[in-house]
Amino acid sequence: MRYGAIDIGSNAVRLLIADIIQKGKDTGFKKNTLIRVPLRLGDDAFLDKKISPAKARDLIKTMTAFRQLMDVYKVEDYMACATSAMREARNGADIVSMVKSEAGIELEIVEGQKEANIIYSTHIAENLDLNKNYLYIDVGGGSTELSVFSGGRIAFARSFPIGTVRMLDNADAPETWEEMKQWIKENTRKYKNLSGIGTGGNINKLFRISEEKDGKPISINKLNDIYLHLRSHSLKERISVLGLNQDRADVIIPACEIYLTVMKWASVRHMYVPRVGLVDGIIQTLIDKNIKS
């Protein structure tokens, strides 16, 4: 049995095809195929508040290809979610209709909190030490999702329109940063020794650069060292010398800045990086839905 997950983000569009594995009473999944297309819809959405005809055509071509791949792989169920860029685009609903009629894909524009909830469905909380408190940080192209976990449960959660593509486009407002700072201070001050949990494509890449062992946290000092090292190279050098993909080489700098700023404001010294994202959460959501039904 195979499921498909489509994530239409502000920087890239992803398709994950996963094989569903049954072990006794437990159902899990193994990643079969992951495809990432760097459409960067956020450039249109955050600056012009609409997706341009050219980007819309590219999105429809990508969705058509994803539909055909899912057919070839005999995917039995799928879910497609669009996040921050499509949330803000005035023509988001029109594009959803075009994707349905031209590519045959049902697409849902999800709010920030639902986006975070889908990622939680990867059962991040089950792997937490119930005696510890955590600040969950998911940084995307258009938004940052923050949640405070205490006793394995979400105590506070909020989505902020601060993201990597938004920062590159100078479309992040100072008052939004101030609002995020106040929210973090108010909702984390009572928790001592708060640990971080980071998700998103950029923190996964940063964790690989750090060469920390899987399951071990990355310290704020090490993350800052990597940030300074990346900043010391030009965009061209980050691609040619450090080997970063072109669409990763620019957004990784603002991503570092968001993670470091949030960690500093929350007095978080270490962050765990479970390497899960929205597509993993979508597959888990489909498993939960189909097992329950």
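All values derive from a computational prediction rather than experimental measurement.

**What to know about unusual backbone geometry**
In this structure, Ser267 takes a positive phi of about 55 degrees despite not being glycine. Along the chain, the position of Ser267 falls in the loop between α12 (252–265) and β11 (270–272). With relative accessibility at 54%, the residue Ser267 sits in the exposed group.

**Overview of the sheet that holds strand β6 (residues 133–139)**
Judged by pairing direction, the sheet is mixed, and its six strands sit side by side in the order β8-β7-β6-β9-β11-β10 without closing on themselves. At either margin of the open sheet sits one strand with a lone partner, and together these are β8 (153–160) and β10 (218–219). Bridge count for β6 against strand β7 (residues 144–150) is seven bridges, and the pairing is antiparallel. Across the sheet, Ile137 pairs through a bridge with Leu146, a residue of β7. Sitting on the sheet, α12 is in contact with β6, β7, β9 (195–199) and β11, with an inclination near 160 degrees to β6.

**What about the pairing of β7?**
Among the seven residues in β7, six count as buried, and that is most of the element. Where β6 hands over to β7, the hairpin turn is made up of four residues, counted between the paired strands. When β7 meets β8, the two strands line up antiparallel, connected through seven bridges. By the bridge assignment for β8, Glu145 is matched with Ser159. In this antiparallel pair of consecutive strands, β7 and β8, the connection spans two residues, and Gly151 shows a positive phi of 60 degrees.

**Details of the nonpolar core**
Membership of the largest hydrophobic core comes to 39 residues, with the highest contact counts inside it found for Leu135, Ile137, Leu146, Met180 and Leu223. Listed by contribution, the elements that provide at least two residues to this core are β6, β7, α7 (174–188), α8 (201–210), α9 (220–231) and α12. No other element matches α12, which puts ten residues into this core. Apart from residues lying up to four places away in sequence, Leu146 is in contact with Leu135, Tyr136, Ile137, Phe156, Ala157, Arg158, Phe160, Met180, Trp183, Ile184 and Val262.

Scoring rules and cut-offs
Residues numbered from 1 in each chain as written. Predicted model: local features only at pLDDT ≥ 70, side-chain atom pairs only at ≥ 80, totals over all residues. Heavy atoms only, no water. Helix = DSSP H or I, 4+ residues; strand = E, 2+ residues; numbered from the N terminus. Buried < 20%, exposed > 50% of the residue type's maximum accessible area, 1.4 Å probe, protein only. Pairing = 2+ DSSP bridges. Contact = heavy atoms within 4.5 Å. Axes fitted to C-alpha atoms, helices over the stretch in contact; angles between N-to-C directions. Core = buried A, V, L, I, M, F, W, Y, C linked by side-chain atoms within 4.5 Å.

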